[in-house]
Protein chains: 4
Amino acid sequence: MNTLRNSVRLVGNLGMDPEVKTFDSNKKMVRVSLATNESYKNDKGEKITDTTWHNLVFWNTTAKLAEDLLKKGDEVAIEGKLANRNYVDKEGVKRYVSEIVVNDFLKVGAKG
Amino acid sequence: MNTLRNSVRLVGNLGMDPEVKTFDSNKKMVRVSLATNESYKNDKGEKITDTTWHNLVFWNTTAKLAEDLLKKGDEVAIEGKLANRNYVDKEGVKRYVSEIVVNDFLKVGAKG
Amino acid sequence: MNTLRNSVRLVGNLGMDPEVKTFDSNKKMVRVSLATNESYKNDKGEKITDTTWHNLVFWNTTAKLAEDLLKKGDEVAIEGKLANRNYVDKEGVKRYVSEIVVNDFLKVGAKG
Amino acid sequence: MNTLRNSVRLVGNLGMDPEVKTFDSNKKMVRVSLATNESYKNDKGEKITDTTWHNLVFWNTTAKLAEDLLKKGDEVAIEGKLANRNYVDKEGVKRYVSEIVVNDFLKVGAKG
DNA sequence: TTTT
DNA sequence: TTTT
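Residues numbered from 1 in each chain as written. Chains lettered and ligands numbered in written order. Predicted model: local features only at pLDDT ≥ 70, side-chain atom pairs only at ≥ 80, totals over all residues. Heavy atoms only, no water.

> What should I look at first to understand the side chain of Thr52(C) in this one?
Note that Thr52(C) resides in strand E4 (residues 47-59). The exposure class of Thr52(C) is buried, given its relative accessible area of 16%. When neighbours within four sequence positions are excluded, Thr52(C) is seen to be in contact with Leu34(C), Ala35(C), Thr36(C), Leu82(D), Ala83(D) and Asn84(D). (Helix = DSSP H or I, 4+ residues; strand = E, 2+ residues; numbered from the N terminus. Buried < 20%, exposed > 50% of the residue type's maximum accessible area, 1.4 Å probe, protein only. Contact = heavy atoms within 4.5 Å.)

Following this line, the structure appears as structure tokens:
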């Protein structure tokens, strides 16, 4: 768990219910997207909110907990690592995806 | 600098010299890619090294420092935030890129 | 803001209302203590909760926000740096205190 | 390893060789102090360096690695958690100590 | 008690 | 494309 070389921490809201995938070998994977919001005032003094969406992946015991505890709208704090993946889409174009493999998470906020 | 909502920390090596871009409005941007290496032993006891490549972006004063201090091969610690960007490539395909906008960096290691 | 060399992140609950101190030079300082709780099961399968208390210090604009927004019981996420201080107590014994100087905080949870 | 609730990250230099203590129950503990240095310019433009000393504690396998790899002067990155401890000193005065229990460390810099 |  |  090389947390000193590659570590991400986010606090944000889930945009969807967790998507669960179970493999033959009783491995479990959960995917969910999380939005982080950043607010600032622009030149005209208007409040602007930038939203960034992040692809989260949970494995095994962490996936089981995510499946049981998390749902759309929840405010969640996570610690994980950045990972890249690539695949070929339906049009035959190679696509690159950056994901966050979650090591630990925490439900925060009122929604729970 | 909403570091509690969106924060990445990496320690790794630069795969290239910094690419510098200066805009009309005396703004400066630097791009560089950084590799984080994770080692583990597989089922057969062989040592495996996984490398993940990260796209780093530096702006303004941080960009100036990066241009002056960093070069290919350097070991660097960074703190930044995740950001997404999209563009249309030469074939007209919409591409999504995940980048790390660097707030602070530190040269570590012997190469300095 | 040398966040790469010295950085603390905590999520916990405030044990008291913020204590505000204003100096001549319109500087403001706020102190508050925060508890982090860690749960685990002991050898007998009993759930044990360890609580650690942390001394937080806020300065100036961050202090103003802390004074306005925080109160006893709130769940709060903070980012800061470790600092040491010493003083001589009433019995003339030199005392050392470790504190966290807060750079940024976030109210999380329902209590707000 | 509740790294979301209580996490410290430091990059600094060791002020001493590791002190190793082995217990009956083949448990191992290592203590070492680490200095973090912060530089800034004061009102007169003089460069000031503030040093903060941190008490690090390593247990078991991490302690074994620290004993083997670390020595006085080394530049080290660590991730750990804050913990408090108290004891009665020789004069019968109750003393409180704040320590960092290290989860993971990385030798950085040239000394290795 | 470290380091730059 | 880096490094150990």
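> So what exactly am I meant to see when it comes to the interface of chain D and chain A here?
Quoted interface sizes are often the accessible area lost when the parts come together. Listed per partner, the contact involves 13 residues of chain D and 13 residues of chain A. The three residues of chain D that bury the most area against chain A are Leu4(D), Arg9(D) and Leu106(D), which together make up 55% of that side's buried surface. Taken together, chain D and chain A are joined by 0 salt bridges. Taken together, the links from chain D to chain A amount to 4 residue pairs in polar contact (both at pLDDT 80 or more). Only strand E1 (6-14), strand E5 (75-88) and strand E6 (94-108) of chain D provide two or more residues apiece to the side of chain D that touches chain A. Tallied by class, the residues present in the side of chain D that touches chain A amount to 6 nonpolar, 3 polar and 4 charged. (Buried area = accessible area lost by both parts, 1.4 Å probe. Salt bridge = Lys/Arg side-chain N within 4 Å of Asp/Glu carboxyl O. Polar contact = N/O pair within 3.5 Å; in protein donor to acceptor, adjacent residues only side chain to side chain. Nonpolar A, V, L, I, M, F, W, Y, C, P; charged D, E, K, R; others polar.)

> Please clarify how the relation of the copies chain D and chain A should be interpreted in this entry.
One chain copy maps onto the other through a rotation about an axis and a shift parallel to that axis. When chain D is fitted to chain A, the residual RMSD is 0.1 Å, and the transformation amounts to a turn of 180° plus an axial shift of 0.1 Å. What the rotation and shift describe, once combined, is the action of a two-fold rotation axis. Residues of chain D ranked by C-alpha distance from the rotation axis are headed by Thr3(D), positioned 5.0 Å from it. Mapped onto chain A, 100% of the interface residues of chain D are again interface residues, and the two copies thus contact each other with one and the same surface. (Least-squares fit on C-alpha atoms with pLDDT ≥ 70 in both.)

> How do you make sense of helix H1 (residues 60-69) of chain C when you look at a structure like this?
The periodicity of an α-helix, 3.6 residues per turn, causes residues three or four places apart in sequence to face the same way. All names here are of chain C. Every buried residue belonging to H1 is among Thr62, Ala63 and Ala66, and all of these are buried. Each buried residue of H1 lies within a common arc of 100° when the element is viewed along its axis, so the set occupies one face. More than 90 degrees from the buried face of H1, the exposed residues found are Thr61 and Asp68. On its buried face, H1 sits against strand E3 (28-41), E4 and strand E6 (94-108). (Arc of directions from axis to C-beta.)

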